[in-house]
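Remarks on the overall topology
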Amino acid sequence: MGDYASAQSAEVLQKNISGLLCVFVPQQLQGDIQRLSHLLLDRALFCYQMLKPKKDLILPNGGTPAGTSSPASSSSLLNRLQLDDDIDGETRDLFVTVDDPKKHVCTMETYITYRITTKSTRVEFDLPEYSVRRRYQDFDWLRNKLEESQPTHLIPPLPEKFVVKGVVDRFSEEFVETRRKALDKFLKRITDHPVLSFNEHFNVFLTAKDLNAYKKQGIALLTRVGESVKHVTGGYKLRSRPLEFAAIGDYLDTFALKLGTIDRIAQRIIKEEIEYLVELREYGPVYSTWSTLEGELAEPLEGVSACIGNCSTALEELTDDMTEDFLPVLREYILYSDSMKSVLKKRDQVQAEYEAKLEAVALRKEDRPKVPADVEKCQDRMECFNADLKADMERWQNNKRQDFRQLLMGMADKNIQYYEKCLMAWESIIPLLQEKQEAK
Amino acid sequence: MTENNFWLKKIEISVSEAEKRTGRNAMNMQETYTAYLIETRSVEHTDGQSVLTDSLWRRYSEFELLRNYLLVYYPHIVVPPLPEKRAEFVWHKLSADNMDPDFVERRRIGLENFLLRIASHPTLCRDKIFYLFLTQEGNWKETVNETGFQLKADSRLKALNATFRVKNPDKRFTELKHYSDELQSVISHLLRVRARVADRLYGVYKVHGNYGRVFSEWSAIEKEMGDGLQSAGHHMDVYASSIDDILEDEEHYADQLKEYLFYAEALRAVCRKHELMQYDLEMAAQDLASKKQQCEELATGTVRTFSLKGMTTKLFGQETPEQREARIKVLEEQINEGEQQLKSKNLEGREFVRNAWADIERFKEQKNRDLKEALISYAVMQISMCKKGIQVWTNAKECFSKM
């Protein structure tokens, strides 16, 4: 019943689009747009197929799977057909936050769990609010599931499992806090995505009391989703990536390269600043030592010492801010470009599969004009993939622009604040120095 | 002499130029040195305009000679120090080469400052050799050597670490000596750390310059973000290059501190001279006391302490009364002489203490004034650096906000 209803609503929408076209669009363009809307409908239906819940699945959160699944699918379908208008969150109906990290010490292992609080008005959530605890492994599981079940979409990256550089204390407050922020960002990115946020694994992740039970159950059932993709690797080489995807690929290569450089520069700056701080911490007290030798000069020297102390504190705040706020965002985007490259590769495989089939058909039956159904299906899949990828890429570009704008403005702000604090400190000692001078 | 003083009060001194020269030294070896042009202008009363009076070239070694002469002739004065011969306490980006133009320029300022310090000193400005240093290019060295100042110099002072066992040191001078030691150590520590601070600050700024390049490269692949990134990159370049001027200004502050680092040495020189005088005085007093004792022994015939003379008397028998009379007479003469000497040394010592203390008081005032000024100018430099920083980052923020 759900299938029918949603297919119908899609059709209604298509008709509406055609209706609108008659009014606004010149005749010769209408054909193109009609075709586009057909494509959209196909894509929507395909996506719907992928989203369709497995009937034999028991959701461990005690909800009623049959009852909730249909509206979920149809609303996701509508969501897609709205052409992602509301990514800015005006109509946001799902809020997820990660907080309150807790350390668990067991006999076998020690790990951190994070509290995940979900508030939603969506119908697929039985309760308006959920609160569960998850550890990194669970996030990792979720990401794998999303990759499997949404192969055509760009899945946001998780923070690295281990920090490569040096021996980092995984349980230190800073490390846990940085990771918490990254995990929060990860879930928020999924929440903001018009398709991924409706993924059932995501739903389970947010709501299930016992995620492990669900994990075990899911292993057998969900392996076949990625199947078709894995299937193709049988030697066929893609003729050529379409220009626009080739451009995306090139873009990502350069983007990752430049971001890597920025990351190194930022780390180097922090390193230099910390060394500068070490020297400043020695520099200030020398003025204090000097002041003990002097009479009239004692106060001015003490003033300079205090002033250098204030500047040191401001500098420390700056490096802390940069370490905590600047570097993680860069890292996220470096990882993002990897996720993106892997989706791009999957897309190539789908295209390769289609081209291989098309070639095989052309070789076998050159005289028959009709293309077999499986080849058509394959073409649909490719087109659907392309459309998803393009939409995700566009969304990503938009996010990236906003994120970097904010990030870089934040960097500028932090530096301005640092200089303002130092300026205040130095300005405050000028009268102290001058008064004495004039009094003499 | 008073004529000179009168003249110096209406004169402006400047070291206006430095020039690299090659010549032959005493060993007839080729050498390169820097000569400095000293210009003196007398100030006209009527319109305040200055007219070039004289100009001549001097090299660093001649400045050194002048100072050595002053040190010997004015032991009670804290003689202004020369700027360093070789660059010290430099941060590594700065050249330590003696011929480096920046170093030569800073030394030029230092030498000018040295001359101005002497010219403004109430006693030193009246010195004839100084006057000739400014006005007579040829034969100046010969004139200095004719003063015989080198003979007058006490070689004991050259042994830098020798201490004289003074029984009754002047507490004020002991404290002053202690102060100059501490001052020297604290300023040299300060200069060392400041050089490292400058090094690190340089690093922080210059690494930001890398953003300039990478933003510009990145901007090439971006559409909407491109322009903002590109111009922000430009501001990062500006930021990175702004440090050069900032640190160059700071070097001036370092030079001001260095002058007082060397002043600490000059202060100690005065203390040492006082110590030496006190030592001589005590030695003379001791000598006199022992002679008085001898005289008394001879007169009374008793030997209070064990001595070689006592032994010889016991072994060889008593002297004749005539011999004894003659010896007592000689000793009495020596005692008289010694008493006169002690008196004059005492007088000399008191005179020295009075003069030295007056100059030390003058020096302290000058030091407080100068260092306060130096601290103010340092604070002003820091303020201008902060303002520059705020400006650049505000500009960059503006660019980022357009992305």
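Residues numbered from 1 in each chain as written. Chains lettered and ligands numbered in written order. Predicted model: local features only at pLDDT ≥ 70, side-chain atom pairs only at ≥ 80, totals over all residues.

Moving on to the overall build of chain B. Scanning chain B from terminus to terminus reveals 11 helices and 3 strands. For chain B, the share of sequence-separated contacts (at least 6 apart) that also reach a separation of at least 24 residues comes to 74%. (Helix = DSSP H or I, 4+ residues; strand = E, 2+ residues; numbered from the N terminus. Contact = placed C-beta atoms within 7 Å.)

A word on the overall build of chain A. In terms of helices and strands, chain A carries 11 helices and 3 strands. In chain A, the succession of α and β elements from N to C terminus is α-α-α-β-β-β-α-α-α-α-α-α-α-α. Within chain A, the proportion of its 440 residues that are buried is 29%. For chain A, contacts bridging at least 24 residues in sequence account for 75% of all contacts bridging at least 6. (Buried ≥ 20, exposed ≤ 12 C-beta atoms within 10 Å, placed from the backbone.)

Facing the 44 residues of chain B at the interface are 46 residues of chain A. For the side of chain B that touches chain A, the elements supplying multiple residues, two or more each, are α8 (171-219) and α11 (321-401) of chain B. A class-by-class count of the residues in the side of chain B that touches chain A yields 26 nonpolar, 9 polar and 9 charged. (Nonpolar A, V, L, I, M, F, W, Y, C, P; charged D, E, K, R; others polar.)

Turning our eyes to something else, we now look at the confidence of the model for chain B. Residues and elements named next belong to chain B. Averaged over chain B, the pLDDT score is 85; the fraction of residues at 70 or greater is 86%. The spread of mean pLDDT over the elements of chain B runs between helix α1 (residues 2-8), the lowest at 48, and α8, the highest at 94. In this model, residues 1-6 is a region of pLDDT below 50 whose contacts with residues beyond four sequence positions or in other chains number 7 contacts. With pTM at 0.79, the complex prediction returns an ipTM value of 0.86. (pLDDT = per-residue confidence, 0-100.)

Let us look at the sheet that holds strand β1 (residues 94-105) of chain A. All names here are of chain A. Spatial ordering of the open sheet is given by β1-β2-β3, a layout of 3 strands whose pairing is antiparallel. Taken across any chain shown, the strands that pair with only one partner, and hence form the sheet edges, are β1 and β3 (129-135). On average, each strand axis in the sheet is tilted by 20° relative to the strand beside it, whichever way the strands run. Taken together, the 7 bridges between strand β2 (residues 110-120) and β3 define a ladder with antiparallel strand orientation. The partner of R115 across the bridge, within β3, is R133. Helix-sheet contacts for helix α5 (residues 173-191) involve β1 and β2, and the interaxial angle to β1 is about 150°. (Pairing = 2+ DSSP bridges. Axes fitted to C-alpha atoms, helices over the stretch in contact; angles between N-to-C directions.)

Residues and elements named next belong to chain B. According to the domain assignment, chain B contains domain 1 (1-153) and domain 2 (162-301 + 317-403). Computed from C-alpha atoms alone, the centre-to-centre distance between domain 1 and domain 2 is 21 Å. On the side of domain 2, 25 residues touch domain 1, which itself brings 15 residues to the contact. A breakdown of the residues in the side of domain 1 that touches domain 2 according to their chemical character gives 9 nonpolar, 3 polar and 3 charged. (Domains from an automatic or database assignment.)

Counting 128 residues, the largest nonpolar core has C422 and W426 of chain A together with L201, A232 and A396 of chain B as the members making the most contacts within it. No other element matches the 18 residues that helix α11 (residues 373-439) of chain A contributes to this core. Beyond its immediate stretch of four places on either side in the chain, A232 of chain B contacts L408 of chain A together with F215, A396, C399 and F400 of chain B. (Core = buried A, V, L, I, M, F, W, Y, C linked by C-beta atoms within 7 Å.)

With that out of the way, let us pick up the domain arrangement of chain A. As a measure of interface size, the accessible area lost when the parts come together is often cited. All names here are of chain A. Entries for chain A in the domain assignment read domain 1 (2-81), domain 2 (94-222) and domain 3 (243-439). Spacing between the C-alpha centres of domain 2 and domain 3 amounts to 23 Å. Domain 2 puts 11 residues into the contact, and the matching count from domain 3 is 16 residues. Within the side of domain 2 that touches domain 3, the residues separate by chemical class into 6 nonpolar, 3 polar and 2 charged.

Our focus in this paragraph is unusual backbone geometry. Residues and elements named next belong to chain A. In this model, D100 sits at a positive phi of 45°, which is unusual for a non-glycine residue. Summarising the element assignment, D100 is placed in strand β1. Residue D100 is classed as partly exposed on the basis of its C-beta count, with 13 C-beta atoms lying within 10 Å.

Mapped onto the elements of the fold, R194 of chain B is located in helix α8. Classification of R194 of chain B by C-beta neighbours within 10 Å gives buried; the count is 21. A C-alpha to C-alpha distance of 8.5 Å links R194 of chain B and F89 of chain B, two positions 105 residues apart in sequence. Filtering out sequence-adjacent residues up to four positions away, R194 of chain B remains in contact with Y283 of chain A together with A254 of chain B.

Residues and elements named next belong to chain B. Helix α9 (residues 226-300) packs onto α8 with a crossing angle of 170° between their chain directions and a minimal axis gap of 8 Å. Considered as vectors, α8 and α9 are oriented roughly antiparallel to each other. When its residues are assigned to classes, the contact of α8 with α9 shows 27 nonpolar, 14 polar and 9 charged. (Parallel < 35°, antiparallel > 145°, perpendicular 65-115°, else oblique.)

A few words on the packing of helix α9 (residues 243-291) of chain A against helix α10 (residues 298-364) of chain A. Two packed helices can be described by the angle between their axes and the distance between those axes. Residue and element names in this part refer to chain A. One way to put it is that α9 packs onto α10 with a least axis distance of 8 Å and a crossing angle of 165°. Taken together, the axes of α9 and α10 are roughly antiparallel relative to one another. Judged by the sense of rotation from one axis to the other, the crossing of α9 with α10 is left-handed. A breakdown of the residues in the contact of α9 with α10 according to their chemical character gives 32 nonpolar, 11 polar and 8 charged. (Left-handed = near helix turned anticlockwise from the far one by under 90°.)

Take the pairing of β1 of chain A next. Across a regular strand the side chains alternate sides, sitting on one face of the sheet and then on the other. Residue and element names in this part refer to chain A. Note: β1 against β2, 10 bridges, orientation antiparallel. Counterpart to K103 in the pairing with β2 is I112. Connecting β1 to the next strand, β2, in antiparallel fashion are 4 residues.

Our next topic: the confidence of the model for chain A. All names here are of chain A. When pLDDT is averaged along chain A, the result is 78, and 70% of the positions lie at 70 or above. Within chain A, the element-level pLDDT minimum falls on helix α3 (residues 65-81), averaging 42, and the maximum on α9, averaging 95. Note on residues 17-26: pLDDT under 50 across the span, and 7 contacts to partners over four residues away in sequence or across chains.

Next up on the list: the environment of H235 of chain B. Residue and element names in this part refer to chain B. Relative to the helices and strands, H235 is located in helix α9. Separated by 58 residues in the primary sequence, H235 and K177 have C-alpha atoms spaced 52 Å apart. Residue contacts for H235: discarding those within four places in its chain leaves V392, N395, A396 and C399.

What helix α4 (residues 128-135) of chain B keeps buried is the set F130, F133 and L134 of chain B. Looking straight down α4 of chain B, one finds its buried side chains confined to an arc of 90°; they lie on one side. (Arc of directions from axis to C-beta.)

All names here are of chain A. In this structure, A256 sits in helix α9. Between the C-alpha atoms of A256 and L335, which are 79 residues apart in sequence, the distance is 8.6 Å. Not counting chain neighbours up to four residues away, the residues in contact with A256 comprise I334 and S337.

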